[in-house]
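Coordinate analysis (summary)
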Amino acid sequence: MKVFSQLDERRNWGEDERILLDQVRRVAEEVIAPNAARYDAEEVFPQDSVAALRELGLNAIFVPESYGGAPMSYRLYLAVVQAISEACASTGIIYATNFHGMKPLIDFGNEEQKQRLLPRVARGALASLAITESAAGSDATAMKTRFTPDGDDVVVDGSKLFITSGDVADLLLVFGKWSEIGDARGAITALLVEKGTPGFEVSGIEKKLGHRASSTAGLSFSGARVPRANVLGAPGQGLALLLASLNRSRPSVAAHALGIATAAFKDMTAYMNTRAVSGRRVIDFQGNQFLLADLAAELAMAEAWLDHVAALVDGGAADFGIEASIAKLRASDLAMRMTTEAVQMHGGYGYIRDLRVERLMRDAKITQIWEGTNQVHRQLIGRSFIGK
Ligand SMILES: Cc1cc2nc3c(=O)[nH]c(=O)nc-3n(C[C@H](O)[C@H](O)[C@H](O)COP(=O)(O)OP(=O)(O)OC[C@H]3O[C@@H](n4cnc5c(N)ncnc54)[C@H](O)[C@@H]3O)c2cc1C
């Protein structure tokens, strides 16, 4: 594992960053990882794990100081997501979703909204990002949820599907279309909705292949009244805001996928070094060493690329959408391949629920689907090379 520890050492974390990362890794190892299999099997929200993150004040690392936060670099945020996800992919995505849902408020909210809502986020409020609908997944512009202005309120009607933490979130960033704007793309608007708003209900919780401890909810809005003061940006600015936000959340889901891939790589190499077949360890077969070489090389490259994207973000780059897509695409494809091979290297034991690799393989699949399917990312990356 020297290759990877050296990569981490060369990140030259500052003193505060190193202390926090050590704390996160300790909590991941002592609290989150030991509970992960139980929460997965019982399909329940990982309360203890999320409470442990709240105790560390982890939401505060992406909230500005003036609103109760203790901000650190985006690079550190990604490392935190990766460490948590290595221990429990469900807990990792719950934490990352707080960032995905609330970063747009930090970047595009007005002063009043930030003063009112961000201190709660910094203290550990759970957040959701609600874009997807039954007929609007890859093409988010097909969404039908309607925002109708009425005096000081906005009336929300419609439904959302597959919303991570949708049932538990204290604050949800919901996308819909402003009724007074006719243009399908130009009408998209973002609205902050609080838990418990009358007319807003959870319509169901999905049963899933993986990420079973993270809840995935259907949401319904029927005449739900939300103060107009909760519109993020202006009516019709939603699409621009959404695209800018996805550029930040895609590296974050890449970090999450790399956490899963790292866990699988560790389990696989440990097992291959101990399991004997025909008097030799599984790792002694050269064909298996070639497999490990390919996977290790891919993991190292994906980590280095994520560092590159983080440096762009921390350096204030304005345009890093394609770099973010590349990170998401490669990290998620790697997570799927790594976990599948990890199961394979465990032989029949890999298929049994007692071992973590079985869960990792189930958890990996969604990383190729959410935050833009990998087909969509291939399209975005490929299209960027078309000459003007
Ligand atoms: C567990 C889970 C958690 C989720 N969490 C959230 C969340 O928190 N918030 C949220 O808003 N959404 C969330 N989603 C939704 C997720 O982002 C969507 O499922 C995803 O964007 C794909 O949309 P879709 O399911 O409608 O698939 P579709 O868009 O119907 O795609 C079907 C197939 O067509 C392919 N396809 C689509 N467009 C193209 C194209 N241009 N070229 C080639 N192929 C194409 C896709 O790649 C896919 O293979 C979550 C989903 C799941 C399962």
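Residues numbered from 1 in each chain as written. Predicted model: local features only at pLDDT ≥ 70, side-chain atom pairs only at ≥ 80, totals over all residues. Heavy atoms only, no water.

Around the ligand there are 18 residues in total, and L129, T132, S138, F162 and T373 lie nearest to it. T373 places a side-chain nitrogen or oxygen 2.6 Å from an oxygen atom of the ligand. At a separation of 3.0 Å, an oxygen atom of the ligand approaches a polar side-chain atom of Q375. Protein chains bury 64% of the 970 Å² of accessible surface belonging to the ligand in isolation. Mapped onto the shell around the ligand, the elements with two or more residues apiece are β1 (127-130), β3 (153-164) and α11 (374-383). (Near = heavy atom within 4 Å. Polar contact = N/O pair within 3.5 Å; in protein donor to acceptor, adjacent residues only side chain to side chain. Areas by Shrake-Rupley, 256 points an atom, 1.4 Å probe, with all protein chains shown as cover. Helix = DSSP H or I, 4+ residues; strand = E, 2+ residues; numbered from the N terminus.)

Our focus in this paragraph is the nonpolar core. Note on soluble globular proteins: their nonpolar side chains tend to be buried together. Formed by 95 residues in total, the largest nonpolar core has its most connected members in Y77, Y95 and F175. For this core, the leading source of residues is helix α7 (residues 238-274), giving 16 residues. One finds A130, V154, L219 and V226 within the second-largest nonpolar core, a separate group that totals 18 residues. (Core = buried A, V, L, I, M, F, W, Y, C linked by side-chain atoms within 4.5 Å. Buried < 20%, exposed > 50% of the residue type's maximum accessible area, 1.4 Å probe, protein only.)

A separate point is the packing of aromatic side chains. If you walk through the whole model with that rule in mind, you get nine aromatic pairs. Measuring from centroid to centroid gives 5.3 Å for F62 and F99, while their planes differ by 90°, and the two rings are edge-to-face. In this pair, F62 is assigned in the loop between α3 (47-55) and α4 (74-87) and F99 in helix α5 (residues 89-108), connecting sequence segments 37 residues apart. Taking relative accessible area as the criterion, F62 reaches 7% and is therefore assigned buried. With a centroid separation of 6.0 Å and an interplanar angle of 40°, the aromatic rings of Y74 and F99 are classed as tilted. Within this pair, whereas Y74 is found in helix α4, its partner F99 is found in helix α5, the two being separated by 25 residues in sequence. Among the residues examined, Y74 registers a relative accessible area of 6% and is labelled buried. Taken together, the aromatic side chains of F62, Y74, Y77, Y95 and F99 make up a single cluster linked through ring pairs. Above the plane of the ring of W13 lies R75, whose end atom (NZ or CZ) is 4.2 Å from the centre. (Phe/Tyr/Trp six-rings, centres within 6.5 Å; stacked < 30°, edge-to-face > 60°. Lys NZ or Arg CZ within 6 Å of the ring centre and 35° of its normal.)

This part takes up the environment of A310. Inspection of the secondary structure puts A310 in helix α8 (residues 286-314). Residue contacts for A310: discarding those within four places in its chain leaves Y74, R75 and L78. (Contact = heavy atoms within 4.5 Å.)

Structurally, the position occupied by R185 is in the loop between β4 (171-178) and β5 (188-194). A relative accessible area of 49% places R185 in the partly exposed class. Distance in space between the C-alpha atoms of R185 and A33 is 42 Å, their sequence separation being 152 residues. When near neighbours in sequence (up to four residues on either side) are disregarded, R185 contacts T141 and L239.

Glancing now at the pattern of salt bridges. Taken as a whole and assessed by the stated rule, the structure comprises 26 salt bridges. A salt bridge links D150 to R225, with the shortest nitrogen-to-oxygen separation between them at 2.5 Å. Here the residue D150 occupies a position in strand β2 (residues 146-150), and R225 occupies one in strand β7 (residues 216-227), the gap between them amounting to 75 residues. Connected via shared salt-bridge partners are D8, R11, R18, D22, R25, E303 and D307. (Salt bridge = Lys/Arg side-chain N within 4 Å of Asp/Glu carboxyl O.)

Across the interface, α7 lies against helix α9 (residues 321-345) with an axial gap of 8 Å and an inter-helix angle of 25°. Between α7 and α9, the crossing angle belongs to the class labelled roughly parallel. The handedness of the crossing between α7 and α9 comes out as left-handed. Of the residues belonging to the contact of α7 with α9, the class tally is 20 nonpolar, four polar and three charged. (Axes fitted to C-alpha atoms, helices over the stretch in contact; angles between N-to-C directions. Parallel < 35°, antiparallel > 145°, perpendicular 65-115°, else oblique. Left-handed = near helix turned anticlockwise from the far one by under 90°. Nonpolar A, V, L, I, M, F, W, Y, C, P; charged D, E, K, R; others polar.)

Function cannot be read off these values alone, since they describe shape.
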